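An overview of the molecular structure
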Amino acid sequence: QVQLVESGGGLVQAGGSVRLSCAASGRTFRWFAMGWFRQAPGKERVFLAAISWNGGSTDYADSAKGRFTISRDNAKNTVFLQMNSLKPEDTALYFCAADDTRFSTSRQASQYDYWGQGTQVTVSS
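Read on for an overview of the structure. (Residues numbered from 1 in each chain as written. Predicted model: local features only at pLDDT ≥ 70, side-chain atom pairs only at ≥ 80, totals over all residues. Heavy atoms only, no water.)

This paragraph deals with the overall build of the protein. From N to C terminus, the protein includes zero helices and eleven strands. Here the C-alpha atoms of the protein give a radius of gyration of 13 Å, agreeing with the 14 Å that 2.2 N^0.38 yields for 125 residues. For the protein, the spread of C-alpha atoms along the three principal axes comes to 40 × 25 × 25 Å. For the protein, buried positions account for 43% of its 125 residues. With an accessible surface of roughly 6,200 Å², the protein has 45% of that area assigned to carbon and sulfur atoms. Taken together, the 13 basic and 10 acidic charged side chains of the protein have centroids lying 4 Å from each other. (Helix = DSSP H or I, 4+ residues; strand = E, 2+ residues; numbered from the N terminus. Rg over C-alpha atoms; globule rule 2.2 N^0.38 Å. Buried < 20%, exposed > 50% of the residue type's maximum accessible area, 1.4 Å probe, protein only. Areas by Shrake-Rupley, 256 points an atom, 1.4 Å probe, with all protein chains shown as cover. Lys, Arg positive; Asp, Glu negative; His and termini not counted. Charge placed at Lys NZ, Arg CZ, Asp CG, Glu CD.)

Going through the model one piece at a time under the given rule, you end up with seven aromatic pairs. Look at phenylalanine 32 and tyrosine 114: their rings are 6.0 Å apart centre to centre, the planes differ by 75°, and that puts the pair in the edge-to-face class. In this pair, phenylalanine 32 is assigned in the loop between strand S3 (18-26) and strand S4 (33-39) and tyrosine 114 in strand S10 (residues 114-115), connecting sequence segments 82 residues apart. Comparing phenylalanine 32 with tyrosine 114, the two get one shared label, buried. Consider the rings of phenylalanine 37 and tryptophan 115, whose centres lie 5.0 Å apart with planes at 55°: the pair is tilted. (Phe/Tyr/Trp six-rings, centres within 6.5 Å; stacked < 30°, edge-to-face > 60°.)

Moving on to the pattern of salt bridges. As enumerated under the stated definition, the model contains four salt bridges in all. Arginine 107 serves as the salt-bridge partner of aspartate 59, at 2.6 Å between the closest nitrogen and oxygen. Residue aspartate 59 is found in strand S6 (residues 58-60), and its partner arginine 107 is found in the loop between strand S9 (92-99) and S10; the two are separated by 48 residues along the sequence. Judged by relative accessible area, which is 19%, aspartate 59 ranks as buried. Of the charged contacts, one joins arginine 67 and aspartate 90 as a salt bridge, the two residues approaching to 2.8 Å between their closest N and O atoms. (Salt bridge = Lys/Arg side-chain N within 4 Å of Asp/Glu carboxyl O.)

In this section: the sheet that holds strand S7 (residues 68-73). Spatial ordering of the open sheet is given by S1-S3-S8-S7, a layout of four strands whose pairing is antiparallel. Edge positions in the sheet fall to strand S1 (2-7) and S7, since each of these pairs with one other strand and no more. Taking each pair of neighbouring strands and ignoring which way they run, the sheet shows an average axis angle of 15°. (Pairing = 2+ DSSP bridges. Axes fitted to C-alpha atoms, helices over the stretch in contact; angles between N-to-C directions.)

Written out as structure tokens, the structure is:
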């Protein structure tokens, strides 16, 4: 089992930045690839970014490319999502997830084995 806890969300003005964190506990963090997803009200959960177990591979959705950066610190059992140039349409509940196929950078939510509870990001115009 892996427990994931997201933090760092809140209210931010358009054009601003937020850094989300996801702290993992339980099984060895470095065995997992990690991903970030978001879900806006009334919409499906969508992929944003993923990172392999050692950070050697990353992948981004088009909506995240150039604005968001995923990174991880295996010594601190934490994955991050740095979000810059935020827009009102980035308002959503943001989730981190763990995939035990550690070399993966999957875009498919079904590939991920563990999920956090989410942290809300609200971008005001």
